[in-house]
Amino acid sequence: MKLARTLLQTPRIVGVGLAASIVGVGGLGVVGCFVEGEGLPPPVEGLYYPTGLAVSPGGRVLYVANSDFDLQFNGGTVQALDLQRLRKRALTLQSGLVPGGPDAGAGVRGACEKVGLATNAASTIHPGPCGPLDISALEGDDEVVRSSAVIGAFASNLLLVHRPLSGEGADPGAERQARLFVPVRGDPSVTFFDVADDRSDDAGAQPCEGDACFQLDCGASAAGGRCSRDYRIGEDPGRELIRRKLPLEPFGIAAGPGGTSIVVSHQTENAASVIVNRWEANERPQLAHVLTDLPFGPTELAAVPRPSVLGALQQSGWAIDDQPAFAVTYLAAPELGLLRYQDAASGGAPRLYESTPTPITALASGIDSRGIAFDASERQACEDGCADDAVECLEGCVAIPIPVYVAHRGPNSLLIGELTTTLVKRGSDVSTEKRASVFYSIAFHDAAPLGAYPSRIEVGEVIDLEGARSRRVFALAFDSGLAFSYDPAARRVDAVIKTGRGPQALAFDTGSTRGDDADKKRCETEQGSAGCEPYSLMYIAHFTDSYLGVVDLDMRKANTFGTMILTVGTPVPPRESQ
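Just so it is clear, the structure is predicted and the values come from calculations on it, not from any experiment.

With that settled, the discussion passes to the overall build of the chain. In terms of regular secondary structure, the chain is built from 8 helices and 31 strands. When burial is assessed residue by residue, the chain has 58% of its 578 residues classed as buried. Here the contacts in the chain between residues at least 6 apart in sequence split such that 62% fall between residues at least 24 apart. On the chain, roughly 22,200 Å² of surface is accessible, and the fraction owed to carbon and sulfur atoms is 49%.

The next subject is unusual backbone geometry. Backbone torsion omega between Asp187 and Pro188 reads -15°, so that peptide bond is classified as cis. Looking at where Pro188 falls in the secondary structure, it is placed in the loop between strand E6 (178-184) and strand E7 (189-195). A cis amide bond links Gly410 with the next residue in sequence, Pro411, at an omega value of 5°. Tracing the backbone shows Pro411 in the loop between strand E21 (402-409) and strand E22 (412-426).

Turning next to the packing of aromatic side chains. Per the counting criterion, the structure on display carries 11 aromatic pairs. Seen in terms of ring centroids, Tyr48 and Phe73 are 5.0 Å apart; in terms of plane orientation they differ by 80°. Their pairing is edge-to-face. Of this pair, Tyr48 sits in the loop between helix H2 (18-24) and strand E1 (50-55) while Phe73 sits in the loop between strand E2 (61-66) and strand E3 (76-82), and the two are 25 residues apart along the sequence. Residue Tyr48 is classed as buried on the basis of its relative accessible area, which comes to 14%. Between Phe478 and Phe543 the ring centres are 6.1 Å apart and the planes differ by 55°, which places this aromatic pair in the tilted class. One end of the pair, Phe478, is in the loop between strand E25 (469-477) and strand E26 (482-487); the other, Phe543, is in the loop between strand E29 (533-542) and strand E30 (547-552), and 65 residues separate them in sequence. You'll find Phe478 and Phe543 in the same group, each marked buried.

So, about the state of the cysteines. Tallied over the full model, the rule gives 5 disulfides. Note that Cys218 is cross-linked by a disulfide to Cys227, the S-S spacing being 2.2 Å. Sign of the S-S torsion, about -80° for the bond between Cys218 and Cys227, identifies this disulfide as left-handed. Residue Cys227 is classed as buried on the basis of its relative accessible area of 4%. Residue pairing for Cys386: its cysteine sulfur links by disulfide to Cys393, the two sulfurs lying 1.9 Å apart. Taking the torsion about the S-S bond as the criterion, the Cys386 to Cys393 disulfide, at about -70°, is left-handed. A relative accessible area of 10% means that Cys386 is categorised as buried.

What counts, and where the lines are drawn
Every chain's residues receive numbers from 1 upward, in the order its sequence appears when written. Given that this is a predicted model, residues contribute local features only at a pLDDT of at least 70 and side-chain atom pairs are listed and counted only at 80 or more, while totals for whole chains, interfaces and linings are drawn from all residues. In computing side-chain properties, one takes all heavy atoms of the structure into account and sets aside hydrogens as well as water. Helix and strand definitions follow DSSP, with helices as H or I runs of at least four residues and strands as E runs of at least two, each counted in order from the N terminus. We call a residue buried when its accessible area falls under 20% of the maximum for its residue type, exposed when it is over 50%, and partly exposed in between, using a 1.4 Å probe and counting protein chains only. Between two residues, a contact is recorded if the distance between any of their heavy atoms is within 4.5 Å. Accessibility throughout is a Shrake-Rupley quantity obtained with a 1.4 Å probe, and a residue counts as covered only by protein chains that appear here. Two aromatic rings, drawn from Phe, Tyr or Trp (for Trp, its six-membered ring), form a pair once their centres lie within 6.5 Å of each other, and the interplanar angle then sorts them: stacked below 30 degrees, edge-to-face above 60, tilted otherwise. Count a disulfide wherever a pair of cysteine sulfur atoms falls within 2.5 Å.

This is a description of form; function is not addressed.
Shown next as structure tokens:
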């Protein structure tokens, strides 16, 4: 059986508390074989056990990875959803639910009817005021699923990376490029897609328009078809930089500076792999190295933020000794690991190696860590305030510590720490060679209690009572059906959000708009433009019942803030629980 081992491991590997959830939904676990091409094709217009989300930086697309967890079909899918159309519905609904607002007065029923929905008759499965938006039935200008492709079973995550437009590693004359990477446990592989780059330029123009923004190029022979083997990294060792297949159970994924190094964790193999992603024309991403003998259960990954001063020093003639760093959490080791990537430019073959880990001693147990996130916004703001050639200013920004957050289960809590970056310079203006490097150290100093079994963590923004963006750390708890909002300034959990069953992944859509696409574009490029209204929405992928929930993150809307206002996709309970 090709995947007997994989399927037997599934309850523990999908992590995020699925083992406990299986009992609650009637025994979702299965044991069988996955054979590509056999069985029914997956529903490309609907959602089916979603496990990964990503929002395009231009706010046009919401990417979704569906895992086909119970093997009802011959694969999973990746979909490109029209985020503008979803946003319009969500904000219209929000406006109708606000007492005293311009669209208020008709009550909940009227607010739901205004976006074509009935009131909610199944709040146990999907919270919120309205019934679900059936995305598979939408057509024409209402169509939400704009493109899709078939991948292997058991996608575990999703990562979107872009070729740098400016700064270190950028090629001013290069073509805009973006890629989507999806760890697929059923192959096993990391399947990649060439997708549209919808980032706006300085004048506010977007390089993609219409259907081109929803490109999902993975070598499929037809729209909605199965991805070509040429787009599955690590499946064919004859095509890789190393003569070895990708290890089993690819799970966590993160990208280094410029998206040129992609690191993947492998839970059951106690390993991590690195993929070299070259942006040059006709260059296919390739598996470059596999690091083995890691502590038990490497799970989630996050790239360590790299200071901008290194690029400025390099432009000034300094040689840079720097290896991108990645933090990794473990299921059964009381530590936070630190991996470094040495590329071919540093001499020798590309490789991963372990650096000094950080012991987790802030809690009694220290084991069973899951999601991880850094928040480099304060340092980024400092760097943005420096002139392009102001090396001294950028050096001052390096001293700003970067908060790090880890979802921890022993006990259930949000671990809070700091990343310290040390810049080391060797040589002087009269030296024949000047070299610079950075060293990283992490220390945990606090913890905030959370509900049962926190899993994924992301840093996002709410709209505060004054209408300004304010940072928050969001943690999902799969088993308890909750999402927690932690305010780092107040050092407390300021909202507990009721989700549906099995919240698995999250993504944010935050910006300003005056109601239509052109106005949003102007609001983003013309700060303070009259009539621009800030908004913030959080999308949550619900694994158990296969739908997305949209949460309002505008604190000015007291009756909707921190609640699910829209259900995207028709919830489908697992077969064994129907």
